[in-house]
Amino acid sequence: MGFPEAEARLFHGVWICMSCGARNRSAKGKPEKCRRCGSKRLRLKAKEQRK
Ligand SMILES: [Zn+2]
């Protein structure tokens, strides 16, 4: 594996709820469910967009 920091930059551990669109942060791995609506339909935010 590479550097954990580099991987963190790629994904930031942010998952987007496909139901309500809420962002769910997770240190590692997919969150069990959306913390806002409880949906299990989450997708990984592919890239951090420019701020
Ligand atoms: Zn949700």
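All values reported here derive from a predicted model rather than from experimental measurement.

Trainee: Where do I start with the confidence of the model for the protein chain in this structure?
Mentor: It should be kept in mind that the predicted coordinates are not to be read in detail where pLDDT is low. Taken as a whole, the protein chain shows an average pLDDT of 81; of its residues, 67% reach a score of 70 or greater. Element-level pLDDT for the protein chain is lowest in helix α1 (residues 4–11), with a mean of 57, against a maximum mean of 94 in strand β1 (residues 14–17).

Trainee: I would appreciate a short explanation of the coordination of the zinc ion in the present structure.
Mentor: In an ideal tetrahedron of four donors about a metal, each angle is 109.5 degrees. In an ideal octahedron of six donors, the angles are 90 or 180 degrees. Protein coordination of the zinc ion is provided by Cys-17 (SG), Cys-20 (SG), Cys-34 (SG) and Cys-37 (SG), with donor distances spanning 2.3 Å. Bound by four donor atoms, the zinc ion shows angles of 106 to 113° at the metal and therefore tetrahedral coordination geometry. We note that the donor set of the zinc ion lies within a single chain, spaced as C-x2-C-x13-C-x2-C. Of the residues examined, Cys-34 reaches a relative accessible area of 2% and is grouped as buried. Its relative accessible area of 40% is what places Cys-37 among the partly exposed residues.

Trainee: Explain the environment of Gly-21 here, please?
Mentor: With respect to the helices, strands and loops of the structure, Gly-21 is situated in the loop between β1 and β2 (23–25). Residue Gly-21 is classed as partly exposed on the basis of its relative accessible area, which comes to 42%. Each C-alpha atom, one on Gly-21 and one on Arg-36, is 9.4 Å from the other, the two residues being 15 residues apart in sequence.

Parameters at a glance
Residues numbered from 1 in each chain as written. Predicted model: local features only at pLDDT ≥ 70, side-chain atom pairs only at ≥ 80, totals over all residues. Heavy atoms only, no water. pLDDT = per-residue confidence, 0-100. Helix = DSSP H or I, 4+ residues; strand = E, 2+ residues; numbered from the N terminus. Donors = N, O, S within 2.8 Å, 3.2 Å for Na, K, Ca; no water. Tetrahedral: all angles 85-135°; square planar, octahedral: opposite > 155°, others 65-115°. Buried < 20%, exposed > 50% of the residue type's maximum accessible area, 1.4 Å probe, protein only.

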